[in-house]
Amino acid sequence: MHAEIAGAGFAGLTAAIALRRRGWTVRVHEKDAALRAFGAGIFIWENGLRVLQAIGAAEDVVRGAHQAPVYETRRDGVCVAFQRVNGDNRYRLLTMTRQHLYAPILASALREGVEIVTSSEAVGARPEGVLQLLDGRSLQADLVIAADGVRSVVRDSLGLFGTRRKYQDGLIRVLVPRSGLVGGEWDHVIDFWAFTPRTLRILYTPCEDGMLYFAMMAPRDDATASALPVDPAIWADCFPALAPALAAIGPGGRYDVYETTHLERWSVGRVAIVGDAAHAMPPTLAQGAGCAMMNALSLAEAVSNDRDVAASLQRWEAQERHLTDHTQARAAELARTRALGSGTQWDDAGMRTALHVPTATLPEDYARLRFT
Ligand SMILES: Cc1cc2nc3c(=O)[nH]c(=O)nc-3n(C[C@H](O)[C@H](O)[C@H](O)COP(=O)(O)OP(=O)(O)OC[C@H]3O[C@@H](n4cnc5c(N)ncnc54)[C@H](O)[C@@H]3O)c2cc1C
């Protein structure tokens, strides 16, 4: 059995590795010339770690990633939530640069014999199992996967696009050196919110190798705070404790508006849509990549247990989708209400995905993963 995959992001590579491990030949097409991750930093919860363990990438991800002892929320300078994480606590949450997460996944894909073609752009697909490339070729496969991200052209070529909803806020994501912000409270993840004199948020996140990830939320209608390059004075005014780090922000970064993509269905014929192409969500639960990897792994498992690919894709969606729909809806609600400004909101509904044991992961394998 052979698969052609569009997109070498977290979803595409996870699916590729999982298929290879189940005996498939796999070719991944990445439109960019280089294989790398975009978007500064990332939070990975236990559900994501379980998938990483199942694709042979967990140990290298855990090694060096930051394990904060506490996740705090501060609102207008006052601590409103103080939640212990990691160690013996209920919630395991690792923080890291995106490249720290991406490199071990890519290494695992190459070890498993996944063929990855860079500068290879997909432009569409046909339900009978054909991936169409910009260079004019049409590649036949038993399974085609569209893992080409939120603006997926493969999905759109099949008429599968459903609805897109944008929210009031967006995030600028940057990496800055920790320079002095080390030890004690500065090893915590701290969700700084300001509601006066304007609504802004900085999710302060230590990563590996002395780097900090700042996820800086600004309303779409705040033209100066949402603009790039970041104006440190605007942000330091609301978050004076972070002034030195804010001053070190360079000209890079990007501002992404919170959005949700919702499809009627996740497959047609032999073509599956996975990751942000199928279910982009606001980052308020930090579960987009977690869901992308869970769904990519369970997709590989589903099509490997049944030679009727089209039927197995429908069963895969029926089995897995409800959790992603739930996660999207909860993430959207948090985006709409800005409830994170009053504390973590880590209730059963919010934490259901983080605590989920994904399909095709083995608890005994995960138990072998060492966090010290
Ligand atoms: C501000 C923000 C913060 C976030 N924080 C977190 C977090 O902390 N934790 C978390 O779990 N998730 C987080 N997410 C969500 C996470 O980034 C995504 O869910 C995840 O990256 C989706 O992976 P993907 O592989 O589906 O898509 P992508 O990561 O977008 O990868 C798609 C790949 O396909 C390639 N591609 C695109 N078009 C084509 C084409 N036509 N042909 C070939 N290749 C193509 C792209 O170059 C890219 O390599 C966040 C998202 C945002 C916007």
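Before going into details, it helps to say that this report is about the structure given with it.

What counts, and where the lines are drawn
Residues numbered from 1 in each chain as written. Predicted model: local features only at pLDDT ≥ 70, side-chain atom pairs only at ≥ 80, totals over all residues. Heavy atoms only, no water. Helix = DSSP H or I, 4+ residues; strand = E, 2+ residues; numbered from the N terminus. Buried < 20%, exposed > 50% of the residue type's maximum accessible area, 1.4 Å probe, protein only. 1 Å grid on protein atoms, 1.4 Å probe; cavity = no way out; pocket = protein on both sides within 12 Å on 5 of 7 lines; lining within 4 Å. Points joined across faces, edges and corners; volume = space filled by probe spheres on them. Nonpolar A, V, L, I, M, F, W, Y, C, P; charged D, E, K, R; others polar. Near = heavy atom within 4 Å. Polar contact = N/O pair within 3.5 Å; in protein donor to acceptor, adjacent residues only side chain to side chain. Areas by Shrake-Rupley, 256 points an atom, 1.4 Å probe, with all protein chains shown as cover. Domains from an automatic or database assignment. Contact = heavy atoms within 4.5 Å. Salt bridge = Lys/Arg side-chain N within 4 Å of Asp/Glu carboxyl O. Pairing = 2+ DSSP bridges. Axes fitted to C-alpha atoms, helices over the stretch in contact; angles between N-to-C directions. Parallel < 35°, antiparallel > 145°, perpendicular 65-115°, else oblique. Left-handed = near helix turned anticlockwise from the far one by under 90°.

On to the side chain of Ser108. Counting through the fold element by element, Ser108 comes out in helix H4 (residues 98-111). Ser108 gets classed as buried once you look at its relative accessible area, which sits at 0%.

With that out of the way, let us pick up empty space enclosed by the protein. Overall, the coordinates contain 1 cavity of 30 Å³ or more when judged by the stated rule. Here the largest cavity defines a volume of roughly 30 Å³. Lining the largest cavity, in full, are His66, Ala68, Val70, Tyr71, Val85, Asn86, Leu93, Thr95 and Val189. Of the residues contributing to the lining of the largest cavity, the split by class is 6 nonpolar, 3 polar and no charged.

Near the ligand there are 29 residues, and of these Glu30, Phe43, Arg98, Ala122 and Asp276 occur at the shortest range. Here a nitrogen atom of the ligand and a backbone polar atom of Ala286 are 3.3 Å apart. Within the backbone of Gly288, an N or O atom sits 3.3 Å from an oxygen atom of the ligand. In isolation the ligand exposes 1,000 Å². Once the protein is present, 86% of that is buried. Taken together, the elements giving at least two residues each to the shell around the ligand come down to helix H1 (10-20), strand S3 (41-45), strand S12 (163-177) and helix H9 (288-304). Of the residues that constitute the shell around the ligand, the class distribution is 12 nonpolar, 9 polar and 8 charged.

It is worth spelling out the layout of surface pockets at this point. The calculated volume of the second largest pocket comes to roughly 230 Å³. Residue lining of the second largest pocket: 15 residues in total, with Gly39, Ala40, Arg173, Val174 and Leu175 positioned closest to the centre. Within the residue set of the lining of the second largest pocket, elements represented by two or more residues are H4 and S12. Ranked by residue count, the leading element in the lining of the second largest pocket is S12, at 3 residues. Its residues placed into classes, the lining of the second largest pocket shows 6 nonpolar, 6 polar and 3 charged. Mapping the lining of the second largest pocket onto the domain boundaries places at least three of its residues in each of domain 1 (2-165 + 258-367) and domain 2 (166-257).

Structurally, Ala109 can be placed in helix H4. On the accessibility criterion, Ala109 (0% relative accessible area) is buried. Between the C-alpha atoms of Ala109 and Leu49, which are 60 residues apart in sequence, the distance is 17 Å. Excluding anything up to four places from it in sequence, Ala109 contacts Leu13, Ile17, Val114 and Ile116.

Let us now look at the pattern of salt bridges. Across all of its chains, the model carries 26 salt bridges by this definition. Residue Glu128 pairs with Arg126 through a salt bridge whose shortest N-O separation is 2.8 Å. Glu128 gets classed as partly exposed once you look at its relative accessible area, which sits at 41%. For Arg155, the salt bridge goes to Asp156, with nearest N and O atoms at 2.8 Å. Judged by its relative accessible area of 0%, Arg155 is buried.

We now examine the sheet that holds S12. A sheet is described by the order of its strands in space; here 7 strands give the open sequence S5-S4-S13-S14-S15-S12-S16, paired in mixed fashion. Looking at the sheet topology across the chains shown, the edges are occupied by strand S5 (78-84) and strand S16 (254-262). Here the strands of the sheet are splayed against their neighbours by 20° on average, with no regard to which way each runs. As defined by bridge partners, strand S13 (residues 189-194) adjoins strand S14 (residues 200-206) across 5 bridges and the pair is classed as antiparallel. Within S14, the position partnered with Trp193 by the bridge is Arg201.

At a closest axis distance of 9 Å, the pairing of H9 and helix H10 (residues 309-337) adopts a crossing angle of 155°. Relative to H10, the element H9 lies roughly antiparallel. Note on packing geometry: the crossing formed by H9 with H10 is right-handed. Facing H9, whose interface residues are Cys291, Met294, Asn295, Ser298, Leu299, Ala302 and Val303, H10 presents Val309, Ser312, Leu313, Trp316, Glu320, Leu323, Thr324 and Thr327. Classifying every residue of the contact of H9 with H10 gives 9 nonpolar, 5 polar and 1 charged.

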